[in-house]
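# Coordinate inspection notes
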Amino acid sequence: EKKVKIYGSGHDKILKHWLKNLHDWNISRQIVWGIRIPVWYCLGSGSSTNSSPENFNKETPSSFAVPTRHSAGSPVKESPFSGTLFDRFYPTSVMETGYDILPFWVMRMLMMGIYTTGRVPFKKVYLHGLVRDEKGQKMSKSKGNVVNPVSVINKYGADALRMSLIMSTTAGKDSSTGEGKIRGMRNLTNKIWNAGRFVKGLTSFAATKVRNSGTSESSEPTNFGDRQFKNKLNKVIKAVTKQLEDMKPGLAAETVYSEFWHWFCDESIEKAKKEKISYPVLFEGLKVFLKLLHPFVPFVTEAVWEQLGEKKLLIESKWPNV
């Protein structure tokens, strides 16, 4: 009925094939459902606690459950999670997982969700591929090509690793990541930091100059260069926003990386040095780029945002509008 959209070319066919051709499995092959949570109920009071003294009833521990339906009709019994809390979290919007567990996990969630509630548990499924080494080989300890994330983070930073895992990826496709790519993304974090420091210095210099002259500064376009800059910036905002809305984070990361590095840093900052773009307009452009970069490199962008004198956290700010 197309109530669930699969992002990952061809994998929706795999899902349909499994649903249409399922056979009974031996019960020992089934995944355990409703794993018990270690919460015990006090005898007589009905109150719960995370401790387990001897006078607690250990025969009736709580476990995760959903409203049970034997048919598409009314539920036979209600779960403690039904009502406001349950309605708030079920169904959810996006399920993100690896394509390798599509039949074993995603399909079972769909089946159990529909069976117990009559509704699909999520509307979109975004599938990521396997992370391979720089040569495209599967990582394994025996080959010695495994990248230790902790070591990489200590050496290059979490943002560099994060961006390298997102950059240029496609739903349902494997991606190659190695130290060379991670090092390149570390260079991006340095670029963001240096651009922030330089633009802040330019803006402070411009503000002092304006105060001394007795005039007022404005982030509104004041010349042809400013208008060109604003028009281009709007196109970047529109492109990155659409790519994210279309569930293409890898392409969005690639776009914002390219536009920030080549257009903003290499071209626009140089034009600002020659006063072809006003400093306040460039400053506002930097803030927009920090917002666009934030989903991919959250730590360095948050730090630069604070250095620019912003009181509110970047993660709490609104996404830029065209």
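See the structure above.
Figured I'd write up the structure that's included with this text. Note that the structure is predicted; figures quoted are calculated from it, not measured. (Residues numbered from 1 in each chain as written. Predicted model: local features only at pLDDT ≥ 70, side-chain atom pairs only at ≥ 80, totals over all residues. Heavy atoms only, no water.)

With that settled, consider the sheet that holds strand β5 (residues 92-98). If you trace the three strands from one edge of the open sheet to the other, you get β1-β6-β5, paired in parallel fashion. The strands lining the two open edges of the sheet, one partner per strand, are β1 (5-7) and β5. Sheet twist, expressed as the average angle between the axes of neighbouring strands with direction ignored, equals 20°. Here β1 runs beside strand β6 (residues 122-128); their pairing, made up of three bridges, is parallel. Note that in β6 the partner of I6 across the bridge is V125. Contacting β5 and β6, helix α3 (residues 102-117) crosses the sheet at an angle of about 175° to β6. (Pairing = 2+ DSSP bridges. Helix = DSSP H or I, 4+ residues; strand = E, 2+ residues; numbered from the N terminus. Axes fitted to C-alpha atoms, helices over the stretch in contact; angles between N-to-C directions. Contact = heavy atoms within 4.5 Å.)

Turning next to a positive patch on the surface. Taken together, K2, K13, K16 and K20 make up a surface patch of like positive charges. What makes K2 exposed here is its relative accessible area of 83%. (Patch = residues over 30% accessible without salt bridge, like charges linked within 9 Å, V, L, I, M, F, W, Y side chains within 5 Å. Areas by Shrake-Rupley, 256 points an atom, 1.4 Å probe, with all protein chains shown as cover. Salt bridge = Lys/Arg side-chain N within 4 Å of Asp/Glu carboxyl O. Lys, Arg positive; Asp, Glu negative; His and termini not counted. Charge placed at Lys NZ, Arg CZ, Asp CG, Glu CD. Buried < 20%, exposed > 50% of the residue type's maximum accessible area, 1.4 Å probe, protein only.)

Core analysis: the biggest nonpolar cluster contains 48 residues, and M163, I192, F260, F264, L282 and F289 have the highest contact counts within it. For this core, the secondary structure elements donating two or more residues are α4 (149-156), α5 (158-166), α6 (179-213), α7 (224-245), α8 (249-273), α9 (279-293) and α10 (298-307). Filtering out sequence-adjacent residues up to four positions away, F264 remains in contact with V199, F229, E259, I269, L282, G285, L286 and F289. L15, L110, F122 and L127 belong to the second-largest nonpolar core, a separate cluster that totals 11 residues. (Core = buried A, V, L, I, M, F, W, Y, C linked by side-chain atoms within 4.5 Å.)

Moving on, we come to the packing of α9 against α10. Packing of α9 against α10 leaves a shortest axis separation of 9 Å and a crossing angle of 155°. Classified by the angle their axes make, α9 and α10 are roughly antiparallel. Crossing handedness for the pair α9 and α10: left-handed. Residues K287, L290, K291 and L293 of α9 touch α10, and the partners they reach there are T301, V304 and W305. (Parallel < 35°, antiparallel > 145°, perpendicular 65-115°, else oblique. Left-handed = near helix turned anticlockwise from the far one by under 90°.)

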